[in-house]
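What follows is the residue order along each chain.
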Amino acid sequence: MDVIKAIQYYADKMINDVPGMKALLLDTETTSIISLVTTQSNLLTKECYLIDRIDNRNRDKMKHMKCICFLRPTHETLQYLFAELREPSYGDYYLYFSNTLRKSDIEQLAEIDEHEVIREIQEYYGDYLAINPDLFSLGQDPECLFGSNISSWDANTFEQTVKGLCSVLLSLKKKPLIRYERDSPLAKRLALEVQNTIISEGQLFDFRRPDTPPILLILDRKNDPVTPLLIQWTYQAMVHELIGIHHGRVDMTHVPEIKNELKEIVLSPDQDPFFKKSMYLNLGDLGATIKQYVDEYQTKTKSNMSIESIADMKRFVEEYPEFRKLSGNVSKHVALVSELSRRVSEGHLLEVSELEQGLACNENHNNDLKSIQRLIESNHIDDDSKVRLVLLYALRYEKMATNAIKSLIDLLDQVGISEKKSSLIPAILFYAGYQQRQDDLFSNQSFFSRGRSALKGLKGVENVYTQHTPHLGDTLDLLVKARLKDTDYPFVNNNHNDVSIRERPQDIIVFMCGGVTFEEAKYIAQLNATLPGVRIILGGNLVHNSKTFLQQISQVGEKYMNLSSSSLR
């Protein structure tokens, strides 16, 4: 199971099956889908000389070329395609859709094709973003998740989530048993609709049945609101948290004194061997790995410049332009790591992170409260870090009768934090407080429960900044041991006599309603590397960093809660 290979298979098949010179037309969504799994230079080697968008009508007519269209079959995109076919720019059209087409759409395409240029229509189920081999996202807006309340889906998001998740199953050729989080209306509705689609599209899902059926496990972000709030210290997660990764690209335009060629950086484990090797390294180990590369080059050039720090590495790369040419990939990572280090230092993030990890992993109320008060009053800590600390405190100590949530909100107000930001505290408790969560999120607070997960030993505590393990770890631990309770995570249409559901599953697809994180993705990669015979893939509506998660929470507060932060005073 590898989602990058699954989408690459479709991309290669489309391009290879159409011989000769060709153009590739994409829409907004499929542009991102394709750019994550292939490069322009790779497409050029296959005689694909033009890549453009279907909504761009200012294209030259080139009747000698064939045209491949890879499009999501939405109403808007189909209108652009109809306009293209009424006045075709190319000789032949090969139409590939990233999801199922309605019969009426096929009939309309036949009617519009007066010039008889359509040669082929196919459905290729690549309707998702393949980020890592074992991580996918539907790339949805964090503010467009809920419908009339936080227990219902936004209609458009729901429809696209069902289609996206079914396309993942079809591209991996899996017909799974479906389980969902009992107390999540979002997870239950999605589970039922995916099952209905599998039944109604029976022929599409007619795969050879393995001895142990695959499992689709549908979870809800609200069961673990802690993981998306934490500062990250492994490479991929840290870049997303501190700078942001959008469809495999990192915008570096705001970085001081950045060179033009580094203003946008592509980060792809598939296209960048150095990134693939180091994406789960923490910042310290990452710096050492990059230094190794620079040292190797230094030896070749017999340079005797002393390199002791990331700043020295950056200076070396700038002073040796031939190193940039020889190893442009490494210079890209030197620039990224240099910027990460700058932001860590500027935001005093080591100090913030140590307290965050303490709040997430241990119970020590008096010390935690004093430390939070001290950091809120510090001029060196930014507003978002202060708010995140209070959010973690509120989640950890919500049930404690003598908690100081109100006084911490007052303190945020006193140091000039906006009411919009301080209102996130009641909003997160409304969305994901202990009454909304199904499981015991803070079960690691007792010594005995901390030792009970065999999988936690996989991670080890590398240091104080990476001691947190996502709640997903406990759930998967039970699932791979075939001990996840049916009462907590029921099956859809469960046949209790089916012996195979009692066996240890081999293929597991986890979908998180409300978005996943790169910390969880790293955990999944570790499980895949250390659990023989088990393959796990993780996905969600989007990949969160703390900013997008707080956008989601902010919308919950503004739209669904008739409260403001004043209600906690």
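Further up the page is the structure itself.
Novice: Before we go on, may I ask you to explain the overall build of the protein in this structure?
Specialist: A count of helical and extended segments in the protein gives 24 helices and 15 strands. Counting only residues that meet the buried cut, the protein has 56% of its 569 residues in that class. Of the roughly 24800 Å² of accessible surface on the protein, a fraction of 48% belongs to carbon and sulfur atoms.

Novice: Looking at this model, I keep getting lost on the sheet that holds strand S14 (residues 535–540). Mind explaining?
Specialist: Remark on secondary structure: sheet strands pair via backbone hydrogen bonds, oriented parallel or antiparallel. In spatial order, the strands read S6-S7-S14-S12-S9-S8; together these six strands make up an open sheet with mixed pairing. Here the strands that pair on one side only, and so sit at the sheet edges, are strand S6 (129–132) and strand S8 (177–180). Within the sheet, the average angular offset between the axes of one strand and its neighbour, ignoring direction, is 25 degrees. Relative to S14, strand S7 (residues 135–137) is paired through three bridges, and the arrangement is parallel. Among the inter-strand pairings, Phe136 is bridged to a residue of S14, identified as Gly539. The sheet strands contacting helix H6 (residues 155–172) are S7, strand S9 (215–220), strand S12 (507–513) and S14, and the helix crosses S12 at an angle near 165 degrees. Relative to the sheet, helix H7 (residues 185–200) contacts S8, S9 and S12, its axis offset from that of S8 by approximately 165 degrees.

Novice: It is not clear to me how the nonpolar core should be interpreted in this structure. Could you clarify?
Specialist: Within soluble globular proteins, side chains that are nonpolar generally end up buried alongside one another. Judged by nonpolar contacts, the single largest core of 157 residues is most densely connected at Phe136, Leu190 and Ile218. Broken down by element, the residue count for this core peaks at nine residues, all from helix H16 (residues 383–397). If we skip the residues at most four places from it in the chain, Ile218 touches Leu165, Ile178, Arg179, Tyr180, Glu181, Ala187, Leu190, Ala191, Phe511 and Cys513.

Novice: Explain the sheet that holds strand S1 (residues 22–26) here, please?
Specialist: Here we have five strands laid out as an open sheet, ordered S2-S1-S3-S4-S5, and parallel in their pairing. Each of the sheet's edge strands pairs with one partner strand only, and the pair in question is strand S2 (48–53) and strand S5 (118–123). Mean inter-strand twist for the sheet, computed between neighbouring axes without regard to direction, equals 20 degrees. Examined bridge by bridge, strand S3 (residues 62–71) and strand S4 (residues 90–97) share seven bridges and lie parallel to one another.

Novice: What should I look at first to understand the pairing of S9 in this one?
Specialist: One face of the sheet, then the other: side chains in a regular strand alternate in exactly this way. The buried count for S9 comes to six of six residues, which makes it a mostly enclosed element. What you see with S9 is no split at all: Ile215, Leu217 and Leu219 on one side and Leu216, Ile218 and Asp220 on the other are buried throughout. The parallel pair S8 and S9, bridged by H7, forms a crossover whose chirality is left-handed. One ladder, built from six bridges, connects S9 with S12; its direction is parallel. Within the sheet, the bridge partner assigned to Leu219 lies in S12 and is Met512.

Conventions used here
- Residues numbered from 1 in each chain as written.
- Predicted model: local features only at pLDDT ≥ 70, side-chain atom pairs only at ≥ 80, totals over all residues.
- Heavy atoms only, no water.
- Helix = DSSP H or I, 4+ residues; strand = E, 2+ residues; numbered from the N terminus.
- Buried < 20%, exposed > 50% of the residue type's maximum accessible area, 1.4 Å probe, protein only.
- Areas by Shrake-Rupley, 256 points an atom, 1.4 Å probe, with all protein chains shown as cover.
- Pairing = 2+ DSSP bridges.
- Axes fitted to C-alpha atoms, helices over the stretch in contact; angles between N-to-C directions.
- Contact = heavy atoms within 4.5 Å.
- Core = buried A, V, L, I, M, F, W, Y, C linked by side-chain atoms within 4.5 Å.
- Right-handed = clockwise from strand over helix to strand, strands pointing away.

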